[in-house]
Amino acid sequence: MERGRPANTGCPGEGGWLCRAAWALGSIPVNFPGKVLPFLFQALHQLYYDPNIENKNLAQKWLMQAQVSPQAWHFSWLLLHMDKVPEIQYFGASALHIKISRYWNDIPADQYESLKSQLFTHITRFASGSKIVLTRLCVALASLALSMMPEAWPCAVADMVRMFQAEDSNVDGRARCLALLELLTVLPEEFQTSRLPQYRKGQVRSVLAQECGSVFPLLEQLLQQQDSPGFIKQKVLKCFSSWVQLEIPLMDCENLIQAAFTSLQDPELFDTAVEAVVNAISQPDAQRYVNTLLKLIPPVLGLQEQLRQAVQSGDMETSHGICRIAVALGENHSRALLDQVEHWQSFLALVNMIMFCTGIPGHYPVNETTSSLTLTFWYTLQDDILSFEPDKQAVYQQVYRPVYFQLVDVLLHKAQFPSDEEYGFWSSDEKEQFRIYRVDISDTLMYVYEMLGAELLSSLYDKLGRLLTNTEQPSTWQHTEALLYGFQSIAETIDVNYSDVVPGLIGLIPRISISNVQLADTVMFTIGSLSEWLADHPVMINNVLPLVLQALGNPELSISSVSTLKKICRECKYDLPPYAANIVAVSQEVLMKQIHKTSQCMWLMQALGFLLSALQVEEILKNLHSLITPYIQQLEKLADETPNPSNRLAIIHILGLLSNLFTTLDISHHDDDHESTEVKKLPVQQGPNPVVVVLQQVFQLIQKVLSKWLNDAQVVESVCAIFEKSVKTLLDDFAPMVPQLCEMLGQMYSTIPQVSAIELTRQLVHIFAHEPAHFPPIKALFLLVTSVTLTLFQQGPRDHPDIVDSFMQLLAQALKRKPDLFLCSNLDVKAVFQCGVLSLKFPEAPTVKASCGFFTELLPRCGEIAPVGQVVHENGKALLQAVLEGIGGQASRSLMDHFAEILFALNKHCFSLLSIWIKEAMQQDGFPSARVTPEQKENFSQQILSRERVNKRRVKEMVKEFTLLCRGLHGTEYTADY
């Protein structure tokens, strides 16, 4: 070995230093911390300056271990020497904080005072030093105080104030003042994040609230002193902001809140003062102090002039801050302030101030970002008004209905698009923020309808009518679009079927001069929102349908036009036969021209499916022939081509179009609600279902496509989707296709097992397995899928968790719908059982959940299906073993309820066997976890077998309790929400 070079131990890091450092932590006595320092310095240097990210991570990992080691109590103080660089000092201070906050019980009580004294000394020393180190030392002392109060340190805060106010010739007075303010600021913050037990938290919070009497007079004094520099006042306001979050009574904060209002006039203090006022006002407990809240209204109203000046000068930060204050007071305390009837005018003035903030000039988010802050306030105020008893509510409605009508005008103005030129300069992010903002406005308008009712629709209609008929003052498209948007916002979610203004609106829509994409979009969405109304007033369909069909040809209106046509076809299908030929022709044209993206093409096919459902069978077949023949021809051509990426996408697209068409084409009207079938009952259709006719015609073609693309999961999935959606829609009408589909699925799955084939098999089992006529092909398919999947298990199923998941769901479905499938002599029930046990040990939670579902269905069949009973009798212990392993820590805690279901089923159907198995299993050392004692295992076994075993909820609780013990988490903070 070369002299002078450290031996390479094989550890990561330069020269194996990390291994030697780890040895140092574990081997050097705690009273020789100096031996660890070289490693600390090297690790810190590597963390901060090494460009290699792997080395940084290794250093950080070791440093985190060092911070919690016993030596940390000693080396921390050495790292805080003034000759060290701030990075090293900071690590020392952080290590102290971690030891105090997390390992408090390691500190002997007789060392509390010494530790406190050392921390005070170092904070004083760093008062004029590094700010980040000072803050960490203050946090450490704060954590110490929280752990000691009230018993071991009854007047902690008062002592802190007194200690730093004492004259010390070595430290500058301002530096001491800043250090004290830093300490007082971090104390409540440390309390909020501390790991104190719940009972201690309440105790300490109460003590801190009382101690504010030592803090607030000092803060008031510093704010009022004329010679206090700005940075001191800023620190004071931050300190106050921190303390008010301890739920200090609002009346005790009055003087400081007023001082904070005064500070709003100082630009340097503005942001900090806003934060302090908002935090003070927003405390949940503040509503108890109504008199203080009333005193706050005048100073808030007094900010209006400053707000107007900020808006005029484009000072967005100031207008934003003042708006936050007004909204905080109004939103958090509207109920309390509404209750003060004699002060209704001052509260109304506050509401009007918030209205000004809502309507602040400029376009969101480019010229202003304030108006969005106010929207929740209008919800809260409305809820509070409508929560009063009827008499009182009537009085407030009289006052506030005009306000809410004004709000509608303001919101619609804010929802207006900017000029085309200006909008063109907006970034994509700004456009997206504006879109979301308009959605928020839409939600608010919908909510406001509850307050204003039908009068709101009348108001919008009158304004739109005047706008469109006024030839002297032509309006901008933005104004028209905003009014339509308002109407659409309400009509989308509110039942407008009885509104007397909708006929007029439908009559106005064709008069709109559409010269802009945004306006055209809104016209489309408005028509779509009125589709249910059109279903009840079919005579008006012809007023708007031509507009929608015309818009279909514009790619810029793709989403709005296609979704609107789909809504009309769904809601009005029984009244569309006169227009069907035209709708199909236009749709076919835009589909052939490939104007729309894939998702809109799929929507369009769904729309056509709804449309065709209401026609006579002959008409359906005629339109289907016209509609899908071009695609069938294209598919035939593609099926003859050598597979490549471009024809793959084309095949998937065509198959997708067919499956979406068949999703909604339902002549039996399974999806119609009760009312519509009552009102517009169609004659029962005779003959085969048109979808089945088409599927039978293209079946061989689909088989041909599959033969070439069987290796492509997405193509196979697309083929299965056609049949799966058809089965779901047609139900029993799909019956003629069952034999040949079962045969095709068997061939597919035998060649290459894929999830989509199992999912389709599950659908067929669900719908047809109980019918004697279809049982033979279903049985053959089920046995084949099971046989192939069992072979997959023999080869190693870990690479196919999705197939295992779907297979377990298929088995559960078979047990639910047709348990006789498990009586088949060709079914290896034992192998199926063993596969289920193996699946319980998969790391993927969905697979384990599906396996639990299988056993939950299987175990109740022990008595009625002899092969199942025999397998459970012979192999049930292996099942219990797997379940206990999962509970013991092998499986995610989120799965415990599912394991409990299996235990419950075992208890109910195999109790005598379970009592033997669980005893044998629990006798294994370290099973199901090394963390549980024999007594705890025995207790769990007895609980599971006790009388409470018949209570599923209790069994789940037992399992949750035991899994926490097995994982070493029982009684820890990690289980609070479990």
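Once a new chain begins, its residue numbering starts again from 1 and follows that chain's sequence as written. Residues qualify for local features only when their pLDDT is at least 70, as the model is predicted, and side-chain atom pairs are given and counted only at 80 or more; totals for whole chains, interfaces and linings, by contrast, use all residues. As a convention, hydrogens and water are excluded, and side-chain values are obtained from all of the structure's heavy atoms.

As annotated in an unreviewed UniProt entry, the protein chain carries the name Importin-13 and is attributed to Malurus cyaneus samueli. UniProt positions are given in the numbering used here, feature names are shortened, and annotations may be inferred rather than shown by experiment. According to the UniProt record, the Subunit (unreviewed entry) comment for the protein chain reads "Interacts with UBC9, RAN, RBM8A, eIF-1A and PAX6." Quoted straight from UniProt, the Sequence similarities (unreviewed entry) entry for the protein chain says "Belongs to the importin beta family."

(A) Just the overall build of the protein chain, in detail. Numbering of helices and strands starts at the N terminus; helices are DSSP runs of H or I of at least 4 residues and strands are runs of E of at least 2. What the protein chain contains, in helices and strands, is 46 helices and 0 strands. Overall, the C-alpha framework of the protein chain stretches about 105 × 90 × 65 Å when taken along its three principal axes. Residue contacts are counted whenever heavy atoms from the two residues lie within 4.5 Å of one another. Of all intrachain contacts in the protein chain linking residues separated by at least 6 positions in sequence, the fraction that spans at least 24 positions is 74%. Carbon and sulfur atoms provide 51% of the accessible area of the protein chain, an area that totals close to 43,900 Å². Only four residue types enter the charge count, namely Lys and Arg as positive and Asp and Glu as negative; His and the chain termini do not. Charged groups are reduced to one reference atom each: NZ for lysine, CZ for arginine, CG for aspartic acid, CD for glutamic acid. Of the side-chain charges in the protein chain, 76 are positive and 103 negative, and the distance between the mean point of each set is 7 Å. Working definition of accessibility: Shrake-Rupley area with a 1.4 Å probe, residue cover restricted to the visible protein chains.

(B) Looking closely at the nonpolar core. By size, the foremost hydrophobic cluster in this structure holds 332 residues, and its most contacted members are Trp243, Tyr400, Phe723, Phe734 and Phe822. With 12 residues, the top contributor of residues to this core is helix H7 (residues 131–148). In this structure, Val36, Leu44, Leu79 and Ala95 belong to the second largest nonpolar core, which totals 16 residues. To form a nonpolar core, buried Ala, Val, Leu, Ile, Met, Phe, Trp, Tyr and Cys residues must be joined to one another through side-chain atoms within 4.5 Å. Each residue gets one of three labels from its accessible area relative to the maximum for its type: buried under 20%, exposed over 50%, partly exposed in between, using a 1.4 Å probe on protein chains only.

(C) Structural detail: the UniProt feature "domain: Importin N-terminal" (unreviewed entry) in the protein chain. As recorded in UniProt, the sites labelled "domain: Importin N-terminal" (unreviewed entry) are residues 59–125. The span residues 59–125 shows a helical share of 72% and a strand share of 0%, and its end C-alpha atoms are spaced 29 Å apart.

(D) View of the packing of helix H34 (residues 690–709) against helix H36 (residues 738–751). Simply put, an axis is a line fit to the C-alpha atoms, just over the touching stretch for a helix, and the angle between two N-to-C directions goes from 0 to 180 degrees. Remark: H34 packs on H36, axes separated minimally by 12 Å, with the N-to-C direction vectors making an angle of 5°. Between H34 and H36, the crossing angle belongs to the class labelled roughly parallel. Between H34, through Gln696, Phe699, Gln703 and Leu706, and H36, the contact on the second element is made entirely by Gln740, Leu741, Met744, Gln747 and Met748. Each residue receives one of three labels: charged for Asp, Glu, Lys and Arg, nonpolar for Ala, Val, Leu, Ile, Met, Phe, Trp, Tyr, Cys and Pro, and polar for the others, Gly being one of them. Counted by class, the contact of H34 with H36 contains 5 nonpolar, 4 polar and no charged residues. By definition in this entry, angles of less than 35 degrees are roughly parallel, angles greater than 145 are roughly antiparallel, angles of 65 to 115 are roughly perpendicular, and the rest are oblique.

(E) Molecular detail of helix H15 (residues 304–313). Every buried residue of H15 is accounted for by Gln306, Leu307 and Ala310. Along the axis of H15, the buried residues cluster in a sector spanning 100°; they form a single face. Along its buried surface, H15 packs onto helix H13 (270–282), helix H16 (316–338) and helix H17 (344–358). Just past H15, the residue Gly314 takes up positive phi, approximately 75°. Read the arc as the range of directions from the helix axis to the C-beta atoms.

(F) Highlighting the packing of helix H35 (residues 713–730) against helix H37 (residues 755–768). As a packed pair, H35 and H37 sit with axes 9 Å apart at the nearest point and diverge in direction by 15°. Classified by the angle between their axes, H35 and H37 sit roughly parallel to one another. The two elements H35 and H37 meet at a crossing, and its hand is left-handed. Contact residues: H35 offers Val716, Glu717, Cys720, Phe723, Glu724, Val727 and Lys728, while H37 offers Ser756, Ala757, Leu760, Gln763, Leu764, Ile767 and Phe768. Note on convention: the crossing is left-handed when the near helix lies turned anticlockwise from the far helix by less than a right angle, right-handed when the turn is clockwise.

(G) Highlighting the environment of Phe855. By the element assignment, Phe855 lies in helix H41 (residues 845–858). The class for Phe855 is buried, based on a relative accessible area of 0%. With 272 residues separating them along the chain, Phe855 and Ile583 place their C-alpha atoms 51 Å apart. When neighbours within four sequence positions are excluded, Phe855 is seen to be in contact with Phe833, Gly836, Val837, Leu840, Pro860, Leu879 and Ile902.

(H) Spotlight on the packing of aromatic side chains. Side-chain rings of Phe, Tyr and Trp, where Trp is taken by its six-membered ring, are said to pair if the distance between their centres is within 6.5 Å; with planes under 30 degrees apart they count as stacked, over 60 as edge-to-face, and otherwise as tilted. Tallied over the full model, the rule gives 23 aromatic pairs. Relative to Phe164, the ring of Phe120 lies with its centre 5.9 Å away and its plane at 55°, an arrangement referred to as tilted. Here Phe164 lies in helix H8 (residues 156–165) and Phe120 lies in helix H6 (residues 112–126), a separation of 44 residues in the sequence. Classification of Phe120 as buried rests on a relative accessible area of 5%. Between the aromatic rings of Phe833 and Phe855, the centroid separation amounts to 5.2 Å while the plane-to-plane angle is 75°, which identifies the pairing as edge-to-face. Of this pair, Phe833 sits in helix H40 (residues 829–839) while Phe855 sits in helix H41; the two residues are 22 residues apart in sequence, bridging distant segments of the chain. Just as Phe833 is buried, Phe855 falls in that class too.

(I) Broad picture of the environment of Arg967. For Arg967, the location among the structural elements is in helix H46 (residues 952–967). Between the alpha carbons of Arg967 and Leu373 there is a distance of 45 Å; along the sequence they are 594 residues apart. Those residues in contact with Arg967, other than ones at most four positions away along the chain, are Gly886, Ile887, Gly889, Ala891, Ser892, Arg893, Met896 and Arg931. We call two N or O atoms a polar contact when they sit within 3.5 Å, provided that within protein one can donate a hydrogen and the other can accept it, with sequence-adjacent residues counted only if both atoms are side-chain atoms. A polar side-chain atom of Arg967 sits 2.7 Å from a polar atom in the side chain of Thr963.

(J) Summary view of unusual backbone geometry. A cis amide bond links Met149 with the next residue in sequence, Pro150, at an omega value of 0°. Within the secondary structure layout, Pro150 lies in the loop between H7 and H8. That bond from Tyr364 to Pro365 is cis: its omega, 0°, falls within 30 degrees of zero. Tracing the backbone through its elements, the reader meets Pro365 in the loop between H17 and helix H18 (375–386). If you check the backbone angles, Glu247 has positive phi at about 60° while not being a glycine. Secondary-structure assignment places Glu247 in the loop between helix H11 (230–244) and helix H12 (254–263). A residue is classified by how much of its surface remains accessible, and Glu247, at 38% relative accessible area, is partly exposed.

(K) Geometry of the pattern of salt bridges. Salt bridge, as used here, is a side-chain nitrogen of Lys or Arg placed within 4 Å of a carboxyl oxygen of Asp or Glu. Inspection of the entire model under this criterion finds 32 salt bridges. In this structure, the salt-bridge partner of Glu254 is Lys295, at a minimum N-O distance of 3.3 Å. Here Glu254 is found in helix H12, whereas its partner Lys295 is found in helix H14 (residues 290–301), with 41 residues between them in sequence. Judged by its relative accessible area of 46%, Lys295 falls in the partly exposed class. With its nearest N and O atoms 3.3 Å apart, the salt bridge here joins Arg798 to Glu844. In this pair, Arg798 sits in the loop between helix H38 (775–795) and helix H39 (801–817) while Glu844 sits in the loop between H40 and H41, placing the two residues 46 residues apart along the sequence. Of the residues examined, Arg798 reaches a relative accessible area of 39% and is grouped as partly exposed. Of the residues examined, Glu844 reaches a relative accessible area of 26% and is grouped as partly exposed.

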